[in-house]
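Descriptive analysis of the structure
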Amino acid sequence: MNLLLDTHVLLWAADASPRLPADARALIEDPENELVFSAASLWEVAIKRGLGRDEFSADPRLLRRGLLENGYVELSVTGAHAAAVDLLPPIHKDPFDRILIAQAQIEGITLLTADEVIARYPGPIRMI
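Owing to the predicted nature of the structure, the values given are computational and were not obtained by experimental measurement. Chains are numbered independently. Their residues run from 1 in the order of the written sequence. Reporting of local features is limited, given that this is a predicted model, to residues whose pLDDT is at least 70; pairs of side-chain atoms are given and counted only at 80 or more, and all residues count toward the totals for whole chains, interfaces and linings. The basis for the side-chain values is all heavy atoms of the structure; hydrogens and waters are excluded.

A look at the sheet that holds strand β2 (residues 34–38)
This is how the line gets drawn: When DSSP finds two or more bridges between a pair of strands, those strands are recorded as paired. By the criteria applied, helices consist of DSSP H or I runs no shorter than four residues and strands consist of E runs no shorter than two, each listed in order from the N terminus. Note on method: axes are straight lines fitted to C-alpha atoms, helices fitted across the in-contact stretch only, with angles between N-to-C directions ranging 0 to 180 degrees. Only heavy atoms enter the contact rule, under which two residues are in contact if any of them lie within 4.5 Å.
If you trace the five strands from one edge of the open sheet to the other, you get β3-β2-β1-β4-β5, paired in parallel fashion. Looking along the sheet, the strands with just one partner apiece sit at the ends: β3 (73–75) and β5 (125–127). The average angle at which neighbouring strand axes cross in this sheet is 35°, direction not considered. Set on the sheet, helix α3 (residues 39–50) makes contact with β1 (2–5), β2 and β3; between it and β2 the angle comes to about 50°.

Next up, the structure:
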């Protein structure tokens, strides 16, 4: 299964945080699963780190390098992804979350999230 990790899940996985639920850890550690991260997540980390948000203290350059070195696949944001945001119902206003949802829908990748609001969207989304 291809898994697109939402930004918080991605940060928890990269940091081996105890906040990452055991079922999510099992999915991430399963060698049968391909792990995908979005360029939008790195953008979110960079912006929110610059704003001084504690939960976004990771250096986005080091995070990217570490993810790639650990076999994660990077997903670029395309015009098709950006345009698909317009088709999403107005459940959530966060632009970073909305682009991840659109990417999951367009690419047919399961979005792994701990956010109950994101989980309300239709499509390949798995709440942990």
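Brief notes about the pairing of strand β4 (residues 110–113)
Short version of the rule: Only protein chains enter the accessibility calculation, which uses a 1.4 Å probe. A residue is then buried if its area is under 20% of the maximum for its type, exposed if over 50%, and partly exposed in between.
Every second residue of β4 is oriented toward a common face, with T110 and L112 on one face and L111 and T113 on the other, all of them buried. Relative to β4, β1 is paired through three bridges, and the arrangement is parallel. Residue L3 lies in a different strand from β4, and its bridge partner there is T110. Two elements, β4 and β5, share three bridges in a ladder whose sense is parallel. By the bridge assignment for β5, L112 is matched with R126.

A short note on the packing of α3 against helix α4 (residues 60–69)
Rules: Should an angle fall under 35 degrees it is taken as roughly parallel, and over 145 as roughly antiparallel, whereas 65 to 115 is taken as roughly perpendicular and any remaining angle as oblique. Whether a crossing is left-handed or right-handed is set by the direction in which the near helix is turned from the far one by less than a right angle, anticlockwise for left-handed and clockwise for right-handed. Under the convention adopted here, Pro, Cys and the residues Ala, Val, Leu, Ile, Met, Phe, Trp and Tyr are nonpolar, Asp, Glu, Lys and Arg are charged, and Gly plus all remaining residues are polar.
Here α3 crosses α4 at 155°, and the two axes come no closer than 9 Å. The angle between α3 and α4 places the two elements in the roughly antiparallel class. Both α3 and α4 take part in a crossing whose hand is right-handed. Counting all contacts with α3, which are made through L42, V45, A46 and R49, the residues of α4 involved are P60, R61, L63 and R64. Among the residues forming the contact of α3 with α4, the class breakdown is five nonpolar, no polar and three charged.

Thoughts on the nonpolar core
Note the following rule: Here the nonpolar core consists of buried residues drawn from Ala, Val, Leu, Ile, Met, Phe, Trp, Tyr and Cys, with membership extended through side-chain atoms lying within 4.5 Å.
Ranked by internal contacts, the top residues of the largest apolar core, which has 21 residues, are L5, V9, L20, I28, Y72 and L112. When contributions to this core are tallied by element, the ones reaching two or more residues are β1, α1 (7–15), α2 (22–29), β2, α3 and α4. The element that contributes the greatest number of residues to this core is α1, accounting for five residues.

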